[in-house]
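Listed below are the residues making up each chain.
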Amino acid sequence: MYLPRAFAETDLQALDWLARRDRFITLVTVHDGEPTVSHLPVLYRREGDRVELIGHWARPNPQARHAGPALAILHGPHAYVSPSWYPDKEEESRVPTWNYAVAHLRGQLTTFNDEVSLAEVVDGLSREHEASVGQDWRFEFERDDHRSQLRGIIGFRFVADQITLKFKLSQNHPIANRESVITQLDASPREGGREIAALMRGRMNEPNGD
């Protein structure tokens, strides 16, 4: 990932924030020279510098046979930034851009298919997400019909060995430009725009890259 120094984030609490916001990753592997991509919900665990993602594929997914090196991408909010918002747009010949937050995690995938571990993944995911939709479905291990569904999935565990966080939030612009962008995005009808404004506001004390 192209990462100018002004946009590099090193605090792993920023990764925690991305994971809390949306535990749905893009998982990339390469097999026989061809990339394979899956989009998956995961359980996120961090202890110090150790970051682990746990989830499952549908058994027919070719990626379920791709243990080894992998790239996991956690996507944050993003928003278009118009050059017309900058006070210095004429003097500096400003151009359109896009602000966003994203994390790239490189690491190793291992797979598992034992019934107990798969049940724990399904139960963990349901516990995290059922409440968000006002429901209370749970995996019931004592039920044959629930356990039989586990035969259709393969579990994975991903442990990161390299974490790259990019929070592109106009840090390379002077304060007046950043303030103007925040004002415009605060009024955005898009939730992503308002989230970017909040992230920018929290970084207003950072020096710009000029």
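Note that the coordinates shown come from a computational prediction; the quantities given were computed from them, not determined experimentally.

Draft legend 1. Geometry of the pattern of salt bridges. For the structure on display, the rule yields 14 salt bridges. Between E140 and R143 there is a salt bridge, with its nearest N and O atoms 3.6 Å apart. For R143, a relative accessible area of 32% gives the class partly exposed.

Draft legend 2. The packing of helix α4 (residues 175-186) against helix α5 (residues 191-202), seen in detail. One way to put it is that α4 packs onto α5 with a least axis distance of 8 Å and a crossing angle of 150°. At the point where α4 passes α5, the crossing takes the left-handed sense. Note on element contacts: α5 touches α4 through G193, R194, I196, A197, M200 and R201, opposite R178, V181, I182, L185 and D186. Taken together, the residues that form the contact of α4 with α5 break down as six nonpolar, one polar and four charged.

Draft legend 3. Geometry of the environment of V121. If you trace the backbone, V121 turns up in helix α2 (residues 115-130). Under the relative-accessibility criterion, V121 is labelled buried at 3%. Separated by 64 residues in the primary sequence, V121 and L185 have C-alpha atoms spaced 38 Å apart. Excluding anything up to four places from it in sequence, V121 contacts L43, I54, G55, H56 and F112.

Draft legend 4. Representation of unusual backbone geometry. Even without being a glycine, D32 presents a positive backbone phi close to 55°. Positionally, D32 belongs in the loop between β2 (24-31) and β3 (34-41). Judged by relative accessible area, D32 falls into the exposed class, the value being 71%.

Draft legend 5. Structural detail: the packing of aromatic side chains. Counted under the stated rule, the structure contains three aromatic pairs. On the basis of an interplanar angle of 45° and a centroid distance of 4.8 Å, the ring pair of W57 and F156 is categorised as tilted. Here W57 is found in strand β5 (residues 50-58), whereas its partner F156 is found in strand β8 (residues 153-168), with 99 residues between them in sequence. A relative accessible area of 0% places W57 in the buried class. Ring geometry for F139 against F141: centres 6.3 Å apart, planes inclined by 55°, an arrangement best described as tilted. The exposure class assigned to F139 is buried, which follows from its relative accessible area of 11%. Geometry around F141 places R147 over its ring, the cationic atom sitting 5.7 Å from the centre.

Parameters and conventions
Residues numbered from 1 in each chain as written. Predicted model: local features only at pLDDT ≥ 70, side-chain atom pairs only at ≥ 80, totals over all residues. Heavy atoms only, no water. Salt bridge = Lys/Arg side-chain N within 4 Å of Asp/Glu carboxyl O. Buried < 20%, exposed > 50% of the residue type's maximum accessible area, 1.4 Å probe, protein only. Axes fitted to C-alpha atoms, helices over the stretch in contact; angles between N-to-C directions. Helix = DSSP H or I, 4+ residues; strand = E, 2+ residues; numbered from the N terminus. Left-handed = near helix turned anticlockwise from the far one by under 90°. Contact = heavy atoms within 4.5 Å. Nonpolar A, V, L, I, M, F, W, Y, C, P; charged D, E, K, R; others polar. Phe/Tyr/Trp six-rings, centres within 6.5 Å; stacked < 30°, edge-to-face > 60°. Lys NZ or Arg CZ within 6 Å of the ring centre and 35° of its normal.

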